[in-house]
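Now for the letters of each chain:
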Amino acid sequence: MDIRLHTYLQHLLETAHQVGSNTGKTMPAALAEKMLADLQIQLEQRLTTALVDKLSPTDLQSYAELVARDPAAEEVSVFLNSHIQGAEGIVANTLQQFEQDYIQVVNRTFHATK
């Protein structure tokens, strides 16, 4: 996992579940790693959907051919940035919405007053 993505997801996990060095509460390491892996899959799916939706049909075909070769993440990123105007903003908005959605679900599920 990319270190920036790992750091982002680790912070999200700690914030949403109110654990980490700021709270003095901990989460079992195996559970945290499983949750991080699940969050990574969900975030990558959401980012891919948000970006691919902005590709023209021709660019979508080129993208499909690119990912079929199993390229490095950097190559995919360069492709998307060069074919989607405002890709950075789309990524930023998607990250923000993902974080809000995750925290909302955790709060409703685990932190709701009973």
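The structure reproduced in this document is the subject of the present report. Model, not experiment: these values are computed from the prediction. The residue numbers shown here count from 1 along each chain, following its written sequence. Thresholds applied to this predicted model are a pLDDT of at least 70 for local features of residues and 80 or more for the giving and counting of side-chain atom pairs; totals over whole chains, interfaces and linings are not thresholded and use all residues. Computation of side-chain values covers all heavy atoms of the structure but excludes hydrogens and water.

## A closer look at the nonpolar core
So, step 1. Counting residues in hydrophobic clusters, the biggest one holds 17 residues, and the most contacted among them are L9, L13, M27, L39, L43, F98 and Y102.
So, step 2. Strands are runs of DSSP state E lasting at least two residues, helices are runs of H or I lasting at least four, and both sets are numbered from the N terminus onward. Those elements that provide at least two residues to this core are helix 1 (3-17), helix 2 (29-52) and helix 5 (87-110). By convention a nonpolar core is built from buried Ala, Val, Leu, Ile, Met, Phe, Trp, Tyr and Cys residues, the set being connected through side-chain atoms within 4.5 Å. Residue burial is assigned from relative accessible area. The probe radius is 1.4 Å, only protein chains are included, and a residue is buried under 20% of its type maximum, exposed over 50%, and partly exposed in between.

## Some points on the side chain of D59
So, step 1. Position of D59 among the secondary structure elements: in helix 3 (residues 57-68).
So, step 2. The contact definition used throughout considers only heavy atoms, calling two residues in contact when any of these lie within 4.5 Å. The residues contacting D59, other than those within four sequence positions of it, are F79 and H83.

## Topic: helix 2
So, step 1. For helix 2, built from 24 residues, the straight-helix expectation of 34 Å at 1.5 Å per residue is met to within 8% by its first-to-last C-alpha distance of 34 Å.
So, step 2. Here helix 2 has its buried residues at A32, M35, L36, L39, Q40, L43, L47, A50, L51 and V52.
So, step 3. If you follow the buried residues of helix 2, they end up packed against helix 1, helix 3, helix 4 (73-83) and helix 5. Multiplying one less than the number of residues by 1.5 Å gives the expected span of a helix.

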